[in-house]
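Below, each chain spelled out in residue letters.
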Amino acid sequence: MTSSSDRSPAVDVHAPKSYEIRTYGCQMNVHDSERLAGLLEEAGYVRAPEGSDGDADVVVFNTCAVRENADNRLYGNLGRLAPKKASRPGMQIAVGGCLAQKDRDTIVKKAPWVDVVFGTHNIGKLPVLLERARVQEEAQVEIAESLEAFPSTLPTRRESAYAAWVSISVGCNNTCTFCIVPALRGKEKDRRPGEILAEVEALVAEGVSEITLLGQNVNAYGSDIGDREAFSKLLRACGKIEGLERVRFTSPHPRDFTDDVIAAMAETPNVMPQLHMPLQSGSDTVLKAMRRSYRQSRYLDIIRKVREAIPHAAITTDIIVGFPGETEEDFEETLHVVREARFAQAFTFQYSKRPGTPAATMDDQIPKEVVQARYERLVALQEEISWEENKKQVGRTLELMVAEGEGRKDDATHRLSGRAADNRLVHFTKPDQEVRPGDVVTVEVTYAAPHHLLAEGPVLDVRRTRAGDAWEKRNAEKAAKPAGVLLGLPKIGVPAPLPAATSGCGCD
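Because the structure is predicted, anything quoted here is derived from the model rather than measured.

Enquirer: How do you make sense of unusual backbone geometry when you look at a structure like this?
Expert: As a rule of thumb, non-glycine residues mostly have phi less than zero, and peptide bonds are mostly trans rather than cis. Backbone torsion omega between Thr250 and Ser251 reads -10 degrees, so that peptide bond is classified as cis. Among the structural elements, Ser251 can be located in the loop between strand S11 (246-250) and helix H9 (259-267). Despite not being glycine, Gln280 shows a phi value in the positive range, around 75 degrees. Within the secondary structure, Gln280 is located in the loop between strand S12 (274-276) and helix H10 (284-290). Phi is positive for Asp364, which is not a glycine, with a value near 60 degrees.

Next comes the structure, spelled out in structure tokens:
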């Protein structure tokens, strides 16, 4: 007779299945993961508790392919999940995103315990593929070669109640030699302006007060619909939406950054005085080898025009160090642009081979130790400039949108954190009255560090907002759910202004 201690725990067959999504890469992947979460929840899944670490019924990897070790990272994580899957009948693993699009034929061979492989063009098929794999008891690999439906038509579980990504295009028409994204995401396809504005208006009606327009090459918007000024018109149209307080966009390309866009930024009050403009290199020789369609003088001219039109604009960038063939003179040209442009922040990358790109097979690959030394020099220079630019903020009175999860030390320091209009991160003294994420506070900056500002005095004003109401409502609904059932995505970032320097693709 079997004792009660030998019995397996009772399983509630009627309980909803849980899911976990692990996201790697750029903002496009983060936003795609919001859609994957929405699809799974619409199909009846619930998000696994925070920190479940592979204990969910379905684990989805939304992958990136632009880093040299992207596949090693994926297979390492899949390998760690294999014993959990073996011990949990019914558990499923799915792999999607850019690496799945690229390595469609090898994922199941290398990791035969994977149940579903899907690509960048058919994320909407995930629930169907999971069910088909369960019924047929075999892996399902389905990679669409072109976009089946614009992703924004899919249900979305957004991480933030007060800020949201809004995708205006997918794909890219550029052919940069270091980037594999166009091969995986396809040619640029634009949404119709009316569809975009309808989505923004719906988000604002739900309480969202900040949106970030998102595209692989966001300011090329209009090339697919035959209107060269479509992006500036879209910015101005966003300015007319009542209740929309902040508009940002990422990432533009210098080739397509025209004067009408600068004018729209300067003349539209809710378009924030912030610009992320990828440089990649300051050397004309390297830019040509990268197949970037601008040169140093053109880049610096854009920066000059933006500063003339928007004096307080904070400008950030992406830079790749050690591209094949880069000489010491080429690198000095990059340092020259950094000194001239005085970026608020730079996301710097050591060049690494992206399999499948022309640059991966170029001659004159730079030795690792040379790349490292140049990288350290660049970082030191940019740190110095970032600190100097932040010190200019001391004494200024700023309006901050209170953020959630931006200040890692907030609990210990009894502070809250928020983003200024120019997207600088500011930690401020917690006021006596309640302040919610999405609310707006007015503070005076008292101290500057290279990557953040402090407002150590009392908060000058608190403005409760509809966005704060939306955050409060969402959290009240979350608290009312049964224990262990949480909605939304893992903490991979609300529409953060920019991807982290260690995980962004730097391909714009």
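Enquirer: What is the right way to look at the nonpolar core in this model?
Expert: Buried together is how nonpolar side chains tend to be arranged in soluble globular proteins. Counting 54 residues, the largest nonpolar core has Ile211, Leu213, Leu235 and Phe257 as its most contacted members. Non-local contacts of Leu213, meaning those with residues more than four positions away in its chain, are made with Val166, Ile168, Val218, Phe231, Leu234, Leu235, Cys238, Val247, Arg248, Phe249 and Thr250. Listed in part, the 24 residues of the second largest apolar core include Ala48, Leu81, Ala100 and Ile143.

Enquirer: Just checking my understanding: could you explain the packing of aromatic side chains for this structure?
Expert: For any pair of aromatic rings, geometry is given as the distance between the ring centres together with the angle between the planes. Inspection of every chain in the model, using the stated rule, returns five aromatic pairs. Taking the centre distance of 6.5 Å and the plane angle of 85 degrees together, the rings of Phe178 and Phe323 count as edge-to-face. Separated by 145 residues along the polypeptide, Phe178 in the loop between strand S8 (169-170) and helix H6 (181-185) and Phe323 in the loop between strand S13 (314-321) and helix H12 (328-341) bring together distant segments of the chain. Here Phe178 and Phe323 have matching classes, each one buried. Here Tyr294 and Tyr299 contribute two aromatic rings whose centre-to-centre distance is 6.2 Å and whose plane-to-plane angle is 35 degrees, an arrangement assigned as tilted. Note on accessibility: Tyr294 and Tyr299 belong to one class, buried.

Enquirer: It is not clear to me how the pattern of salt bridges should be interpreted in this structure. Could you clarify?
Expert: Where charged atoms from two side chains of opposite charge come close, those side chains can pair. Taken as a whole and assessed by the stated rule, the structure comprises 33 salt bridges. For Glu308, the salt bridge goes to Arg304, with nearest N and O atoms at 3.0 Å. Of the two residues, Glu308 and Arg304 both sit in helix H11 (residues 296-309), four residues apart, roughly one turn of that helix. With a relative accessible area of 40%, Arg304 lands in the partly exposed category.

Enquirer: In this structure, what is going on with the pairing of strand S3 (residues 58-63)? I would like to understand it.
Expert: Regular strands place side chains that alternate from one sheet face to the opposite one. For S3, the tally of buried residues reaches six of six residues, placing the bulk of the element in the interior. With burial as the criterion, each face of S3 is covered, one bearing Val58, Val60 and Asn62 and the other bearing Val59, Phe61 and Thr63. Alignment of strand S1 (residues 18-23) against S3, held across five bridges, turns out to be parallel. Counterpart to Arg22 in the pairing with S3 is Phe61. Where S3 lies against strand S4 (residues 92-97), six bridges are found, and the strand directions are parallel. From the neighbouring strand, Thr63 faces S4, where its bridge partner is Gly97.

Enquirer: Please clarify how the sheet that holds S4 should be interpreted in this entry.
Expert: Paired through their backbone hydrogen bonds, the strands of a sheet run either parallel or antiparallel. Ordered by their spatial adjacency, six strands build an open sheet running S2-S1-S3-S4-S5-S6, and the pairing between neighbours is parallel. Lying at the two open borders of the sheet, with one neighbouring strand each, are strand S2 (46-47) and strand S6 (140-142). Each of S1, S2, S3 and strand S5 (116-118) is contacted by helix H1 (residues 27-42), which is oriented at about 170 degrees to S1, the strand it contacts most.

About the cut-offs
Residues numbered from 1 in each chain as written. Predicted model: local features only at pLDDT ≥ 70, side-chain atom pairs only at ≥ 80, totals over all residues. Heavy atoms only, no water. Helix = DSSP H or I, 4+ residues; strand = E, 2+ residues; numbered from the N terminus. Core = buried A, V, L, I, M, F, W, Y, C linked by side-chain atoms within 4.5 Å. Buried < 20%, exposed > 50% of the residue type's maximum accessible area, 1.4 Å probe, protein only. Contact = heavy atoms within 4.5 Å. Phe/Tyr/Trp six-rings, centres within 6.5 Å; stacked < 30°, edge-to-face > 60°. Salt bridge = Lys/Arg side-chain N within 4 Å of Asp/Glu carboxyl O. Pairing = 2+ DSSP bridges. Axes fitted to C-alpha atoms, helices over the stretch in contact; angles between N-to-C directions.

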